[in-house]
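Summary of the model geometry
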Amino acid sequence: MAVTAITSVIFYNQSASALWTPTVQPDMNAGYARDYAGVISNQAFGGEIYTVEKYGLRKGWNLNWSFLGGTDRDNADTLIAYTKGRLNWFKFSPDGGTTKFDVYFTVDSLEFKEVAYRAYSLAIPIIEKL
């Protein structure tokens, strides 16, 4: 499977209505991961290893913005309020709406840092909903 390049980020609510389309794209150091945590291995007394897959591949992203404006900050805050931390899932598109993933935040709270006058940094770690 090819890794989807992050070209134009859009966040949607569960019914696919856009919640936030950032006016600036995430920093170039955006991370993408594949998580196989659903695979469990157990070793029997005789040495045989048994592997069970509770769930398969799960994708994750670490998106960082360095200079979000005030409007983007307010819209990101709306997204955070909509999800109530990790309670609700939402849709994420890394390519302007062509591909959509159902995702959760992986943390309970997100922090805005003011890096310049009316400019904020924000890190958003998300993981695919199974």
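See the structure above.
The present account deals with the structure reproduced in this document. Since the model is a prediction, treat every value here as computed from it, not as a measurement. Positions within a chain are numbered from 1, following the residues in the order the chain's sequence is written. Residues qualify for local features only when their pLDDT is at least 70, as the model is predicted, and side-chain atom pairs are given and counted only at 80 or more; totals for whole chains, interfaces and linings, by contrast, use all residues. Side-chain numbers come from the whole structure's heavy atoms, not from hydrogens or water.

What about the overall build of the chain?
Rules: Runs of H or I in DSSP of at least four residues are treated as helices and runs of E of at least two as strands, each being numbered from the N terminus. Only protein chains enter the area calculation, which uses a 1.4 Å probe; residues under 20% of their type maximum are buried, those over 50% are exposed, and those in between are partly exposed. Contacts between residues were defined by any pair of non-hydrogen atoms, one from each residue, lying within 4.5 Å. All accessible areas in this document rest on Shrake-Rupley with a 1.4 Å probe, and a residue is counted as covered only by the protein chains that are shown. Positive residues here are Lys and Arg, negative ones are Asp and Glu, while His and the chain termini are left out of the count. Where a charge lies is defined by one atom per residue type: Lys uses NZ, Arg uses CZ, Asp uses CG and Glu uses CD.
Helix and strand counts for the chain stand at one helix and ten strands. Mapped in sequence order, the helices and strands of the chain form the string β-β-β-β-β-β-α-β-β-β-β. The C-alpha extent of the chain, read off along each of the three principal axes, is 65 × 30 × 25 Å. Expressed as a percentage of its 130 residues, the buried residues of the chain come to 33%. Partitioning the contacts of the chain with sequence separation of at least 6, the portion at a separation of at least 24 is 60%. Total accessible area on the chain stands at roughly 7,600 Å², and carbon and sulfur atoms take up 50% of it. Looking at charge distribution, the chain has the averaged site of its 12 positive side-chain charges lying 4 Å from that of its 13 negative ones.

Overview of unusual backbone geometry
Backbone geometry at A16 places phi at a positive 70°, although glycine is not the residue there. Its location among the elements puts A16 in the loop between β1 (10–12) and β2 (18–20). Judged by its relative accessible area of 35%, A16 falls in the partly exposed class. Within the chain, K84 stands out as a residue other than glycine whose phi angle is a positive 55°. Inspection of the secondary structure assignment puts K84 in the loop between α1 (70–83) and β7 (90–93). Under the relative-accessibility criterion, K84 is labelled exposed at 58%.

With respect to α1
Formally: The span expected for a helix works out to 1.5 Å for each residue beyond the first. The arc in question is formed by the directions pointing from the helix axis toward the C-beta atoms.
Compared with an ideal rise of 1.5 Å per residue, which puts 14 residues at 20 Å, α1 spans 20 Å between its outermost C-alpha atoms and is within 8% of the ideal. Listed in full, the buried residues belonging to α1 are D72, A76, L79, I80 and T83. On an axial view of α1, the arc spanned by its buried residues comes to 95°, and they lie on one face. Counted as exposed and oriented over 90 degrees from the buried face of α1: T71 and A81. The secondary structure elements touched by the buried residues of α1 are β1, β2, β6 (58–68), β7, β8 (101–105) and β10 (119–128).

A closer look at the pattern of salt bridges
Note the following rule: We define a salt bridge as a contact between a side-chain nitrogen of Lys or Arg and a carboxyl oxygen of Asp or Glu at a distance within 4 Å.
Applying the stated criterion across every chain yields a total of three salt bridges. Measuring nitrogen to oxygen at the nearest pair gives 3.6 Å for the salt bridge that ties E128 to K59. Taken together, the residues span a long stretch of sequence, with E128 in strand β10 and K59 in strand β6 at a distance of 69 residues. The buried category is assigned to K59, whose relative accessible area is 9%. A salt bridge links D102 to K91; the shortest N-O distance between them is 2.8 Å. In this pair, D102 sits in strand β8 while K91 sits in strand β7, placing the two residues eleven residues apart along the sequence.

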